[in-house]
Amino acid sequence: LNPEFFRMDDDEVGGAKAGKDTFSRYKVSTTGAYGMHVLGQAYLEYNNGIADVKAGRQMFESVFTASNDTKMVPNTFDGVSVSAKIAPKTTARAAWFGKQKLRDHEDAHDMITFKDASGESWNNNDDAGVHKGLSYANFVAAGEDPNHNMFLADVKTKAVKDLDFTLSALTVPGVVTDVVAEAHYRIPLQNGWAVRPGARYFHQMDDGGGAVAGFTNLSGKVATGYDAGVATSLDSSLFAGRVDLEMPNKKGFFRLGYSKVADEADIVAPWRGFPTGGFTRAMAQYNWVANTETFMARAVYKFNSTWKASLRYAIQDFDDAKVNVQADSTIWHLDTWTNITKRLQMRTRVGIVQADDDIITTGGGTKTDVSYNEYRLEFNYLF
């Protein structure tokens, strides 16, 4: 519940970033009510020590999907998931989901369709990473069903000493299919230090979604500056790599990260499992648009049992030829975690985003300034 003195005017809720508050924009716009009453999770589970089966509304953490649970209103999925140990230090999972419930929604909605039959965007998948060209109206106009299922699976193994490897796949039939390979290898050094290089390759294959979306990008606007093939295909890919220098006794790490997206279609990822997450993504940034290159440096240090801090810096190089894509930017994030007691934690964040005044090389003009400063103070009590 948002206390009344923290509420904006009802007609200004569109200015609230999706998922950044504890109210439903759709509910406020239609009823004026700010309170959220949400069934976050509800599932039946069977576990025999080898296999685990869940049926119902659940969180599912993967390279594609995440609970993104920052306010006890998690991003959840309605369906069935199965996990099983198939070999020593190796686990396989598979899932079918028919609905998704984003953090700022009271009700579940389609997995990928933007807007509903009435054209209301806040009553369907309105995640910040949604492809707005994959709208209800466009699916219907193309003679396709606007209701979708998602199937996904992954295999994770640590069978090889110091190596973590994951192979993942996802498909939304009739729209898009993804395959992701990711590996991290730890190289111990002297005195407890270690070097841990890692890489991720994300391959996106069109399965009919390109024809539905037409010549648009994630914004749902004309894909000016994109390859002409985007008009009929969502084919694309990205590569991300990083090198961590780990400190002894898990005191922290230094990280250098890099990612590059192919100059084809944008990556479709409205399920809160960020394609560049853990490599180059800074908070609230969406750097998986076509032909985007990102560099990141990060340091995390645990000073003592009470206080930990993280500092990261990212350089995002978007394609200046693409009209409906944001300007290049740099990001600073300073985060702290303070354990006041065993149950009470205080968190702070300072975020500084500075966008360039980029000239659009296709047709002229300048890109919108997306610069902002962000300050957060948060208290969490663990009951």
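Our subject is the structure that appears above.
Computed from a prediction, not measured in an experiment: that's the story for all the values here.

Procedures and definitions
Residues numbered from 1 in each chain as written. Predicted model: local features only at pLDDT ≥ 70, side-chain atom pairs only at ≥ 80, totals over all residues. Heavy atoms only, no water. Helix = DSSP H or I, 4+ residues; strand = E, 2+ residues; numbered from the N terminus. Rg over C-alpha atoms; globule rule 2.2 N^0.38 Å. Buried < 20%, exposed > 50% of the residue type's maximum accessible area, 1.4 Å probe, protein only. Contact = heavy atoms within 4.5 Å. Areas by Shrake-Rupley, 256 points an atom, 1.4 Å probe, with all protein chains shown as cover. Lys, Arg positive; Asp, Glu negative; His and termini not counted. Charge placed at Lys NZ, Arg CZ, Asp CG, Glu CD. Phe/Tyr/Trp six-rings, centres within 6.5 Å; stacked < 30°, edge-to-face > 60°. Lys NZ or Arg CZ within 6 Å of the ring centre and 35° of its normal. Pairing = 2+ DSSP bridges. Patch = residues over 30% accessible without salt bridge, like charges linked within 9 Å, V, L, I, M, F, W, Y side chains within 5 Å. Salt bridge = Lys/Arg side-chain N within 4 Å of Asp/Glu carboxyl O. 1 Å grid on protein atoms, 1.4 Å probe; cavity = no way out; pocket = protein on both sides within 12 Å on 5 of 7 lines; lining within 4 Å. Points joined across faces, edges and corners; volume = space filled by probe spheres on them. Nonpolar A, V, L, I, M, F, W, Y, C, P; charged D, E, K, R; others polar. Polar contact = N/O pair within 3.5 Å; in protein donor to acceptor, adjacent residues only side chain to side chain.

S.K.: A description of the overall build of the chain should follow, citing residues and the corresponding values.
M.R.: Check the secondary structure of the chain and you find three helices and 16 strands. Whereas a compact globule of 383 residues would reach a radius of gyration of roughly 21 Å, the chain reaches 21 Å, a difference of no more than 12%. Dimensions of the chain, computed from the C-alpha atoms along their principal axes, are close to 60 × 50 × 50 Å. Considering the chain as a whole, with its 383 residues, one finds that 45% of them fall into the buried category. Long-range contacts, defined here as pairs at least 24 residues apart, represent 56% of the contacts in the chain between residues at least 6 apart. Per element, the accessible surface of the chain, about 18500 Å² overall, is 58% carbon and sulfur. If you average the places of the 41 positive and of the 47 negative side-chain charges in the chain, the two averages end up 11 Å apart.

S.K.: Provide a residue-level description of the packing of aromatic side chains, including the pertinent values.
M.R.: Evaluation of the coordinates by the stated rule reveals eleven aromatic pairs. Measuring from ring centre to ring centre gives 5.2 Å for Tyr 286 and Trp 288, while their planes differ by 70 degrees; the resulting arrangement is edge-to-face. Take Tyr 286 and Trp 288: they sit in the same class, and that class is buried. Here Tyr 313 and Trp 332 contribute two aromatic rings whose centre-to-centre distance is 4.5 Å and whose plane-to-plane angle is 40 degrees, an arrangement assigned as tilted. Taken together, the residues Tyr 313 in strand E13 (residues 307-317) and Trp 332 in strand E14 (residues 329-339) connect sequence positions 19 residues apart. The class for Trp 332 is partly exposed, based on a relative accessible area of 41%. Aromatic ring contacts, followed pair by pair, group Phe 60, Phe 77 and Phe 97 into a single cluster. Across the ring face of Trp 337, the terminal group of Lys 308 is positioned such that the distance to the ring centre comes to 4.7 Å. In this arrangement the basic side chain of Lys 322 is found over the ring face of Tyr 226, its NZ or CZ atom lying 4.7 Å from the centre.

S.K.: Residue-level account of the pairing of strand E15 (residues 344-355), with values.
M.R.: Looking along a regular strand, one sees side chains alternate from face to face of the sheet. Here eleven bridges tie E14 to E15, and the two strands are oriented antiparallel to one another. Bridge pairing in E15 links Asp 335 to Arg 349. Remark: four residues form the turn of the hairpin made by E14 and E15, two consecutive strands paired antiparallel. With ten bridges joining them, E15 and strand E16 (residues 372-381) adopt antiparallel strand pairing. Bridged to Thr 348 within E16 is Leu 377.

S.K.: Explain a nonpolar patch on the surface to me, and be specific about the residues and the numbers.
M.R.: Taken together, the side chains of Tyr 185, Ile 187, Leu 189, Trp 193, Leu 245 and Phe 254 present a nonpolar region at the surface, about 500 Å² in accessible area. Counting through the fold element by element, Phe 254 comes out in strand E11 (residues 252-261).

S.K.: Let's hear about the layout of surface pockets: which residues, and what values?
M.R.: Volume-wise, the second largest pocket comes out at about 1100 Å³. A breakdown of the residues in the lining of the second largest pocket according to their chemical character gives 19 nonpolar, eleven polar and eight charged.

S.K.: Lay out the side chain of Asp 319 with the relevant residues and their values.
M.R.: In this fold, Asp 319 is placed in the loop between E13 and E14. From its side chain, Asp 319 meets the backbone nitrogen of Ala 321 in a polar contact 2.9 Å long. At 2.7 Å, the side chain of Asp 319 and the side chain of Lys 322 are in polar contact.

S.K.: Tell me about a negative patch on the surface, and name the residues and values.
M.R.: Judged by side-chain charge, Asp 9, Asp 10, Asp 11 and Glu 12 come together as a negatively charged surface patch. Mapped onto the elements, Asp 11 comes out in the segment before helix H1 (25-31). Exposure remark for Asp 11: the relative accessible area of 70% places this residue in the exposed category.

S.K.: Before we move on, can you summarise the side chain of Glu 106 with the specific residues and values?
M.R.: Within the fold, Glu 106 resides in the loop between strand E4 (90-101) and helix H2 (136-141). Reaching out from Glu 106, the side chain makes a polar contact with the side chain of Lys 27 at a distance of 3.1 Å. Filtering out sequence-adjacent residues up to four positions away, Glu 106 remains in contact with Lys 27, Gly 35, Met 36, His 37, Val 38 and Lys 101.

S.K.: Tell me what's going on with unusual backbone geometry, and back it up with residues and numbers.
M.R.: Of note, Lys 250 is a non-glycine position whose phi angle comes to about 55 degrees, a positive value. With respect to the helices and strands, Lys 250 occurs in the loop between strand E10 (236-246) and E11. According to the relative accessible area criterion, Lys 250 is exposed, its value standing at 78%. Positive phi, normally seen in glycine, also occurs at Asn 291, with a value near 60 degrees. Along the chain, Asn 291 falls in the loop between E11 and strand E12 (293-302).

Interpretation note: all reported values are geometric properties and have no functional meaning in isolation.
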